[in-house]
Amino acid sequence: MTEENHEQPESLSWVAITTGEPTLDDARLLAVATASATDGVPARDEKNPPGDAVFVMLTQRYPGADRELLENISDAWFVHSGLYPALATCDLDAVSVTFFKAVSVRDLHHAVRIAWEGVCRALEAVELGKVVPVDGYVADVSRERDWWPTEDGE
């Protein structure tokens, strides 16, 4: 007789969301990310309309990292980056963390620099052990207004 295991396996990728109060820009970024993940369109919030923020998503790999380390890195992003971010995603297969931040600046390069400096501050608070982060990151940068439907629904 065999025993069946009905436990769900742990997911290899997951989303980490802050338990703190996100900035208004980050709240809109969270709404966009949530809608995108469900193939939906974010609803317009007239009390918090789209602004001129830049949405930055930086992905960095941590070869050899386990689930606990990736969780510690995402936790440090919320607590130690100094940016009050709302969102991070972790991927155990890719051994990576994607850091999401809405930045209220006009220059896209400056927005990336601000987010990257926050990642560096967060990593200073994490005991990486023998894990050496890949020197660099992949950046996905866009203007907030490009994520929201226009008044005519386009």
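Above this note sits the structure.
In this report, the structure presented in the accompanying data block is examined. (Residues numbered from 1 in each chain as written. Predicted model: local features only at pLDDT ≥ 70, side-chain atom pairs only at ≥ 80, totals over all residues. Heavy atoms only, no water.)

**Some remarks on unusual backbone geometry**
The test is simple: Put simply, DSSP H or I for four residues or longer makes a helix, DSSP E for two residues or longer makes a strand, and each gets a number counted from the N terminus. Burial classification: accessible surface area is computed with a 1.4 Å probe over protein chains only, and a residue below 20% of its type maximum counts as buried, one above 50% as exposed, and the rest as partly exposed.
The phi torsion at Tyr84 lies on the positive side, around 55°, for a residue other than glycine. Here Tyr84 lies in the loop between α2 (67-80) and β3 (87-91). We classify Tyr84 as exposed; its relative accessible area is 59%.

**Comments concerning the packing of aromatic side chains**
The following threshold applies: Between the rings of Phe, Tyr and Trp (Trp by its six-membered ring), a pair exists once the centres lie within 6.5 Å; its type follows the angle of the planes, with under 30 degrees stacked, over 60 edge-to-face, and the other angles tilted. Any Lys NZ or Arg CZ that is within 6 Å of a ring centre and within 35 degrees of that ring's normal is treated as a charge sitting over the ring.
On inspection of all chains with the given rule, the structure shows 2 aromatic pairs. Ring centres of Trp116 and Tyr137 lie 4.5 Å apart, and the angle between their planes is 35°; this geometry places the pair in the tilted category. On the criterion of sequence distance, the pair formed by Trp116 in helix α3 (residues 108-124) and Tyr137 in the loop between α3 and β5 (138-143) is long-range, its members being 21 residues apart. Assessed through its relative accessible area of 35%, Tyr137 is described here as partly exposed. Sitting over the face of the ring of Trp14, Arg67 holds its NZ or CZ atom 3.9 Å from the ring centroid.

**Some words on the side chain of Lys101**
Rules: By the criterion applied in these results, polar contacts are pairs of N or O atoms within 3.5 Å in which, for protein atoms, one can donate a hydrogen and the other can accept it, and in which residues neighboring in sequence qualify only through two side-chain atoms. Any two residues whose heavy atoms approach within 4.5 Å are treated as being in contact.
Inspection of the secondary structure assignment puts Lys101 in strand β4 (residues 96-103). Side chain to side chain, Lys101 and Asp26 meet in a polar contact 2.3 Å long. Residues within four places of Lys101 in sequence aside, it is in contact with Thr23, Asp26, Leu29, Val54, Phe55, Val56, Trp77, Leu83, Tyr84, Pro85 and Ala115.

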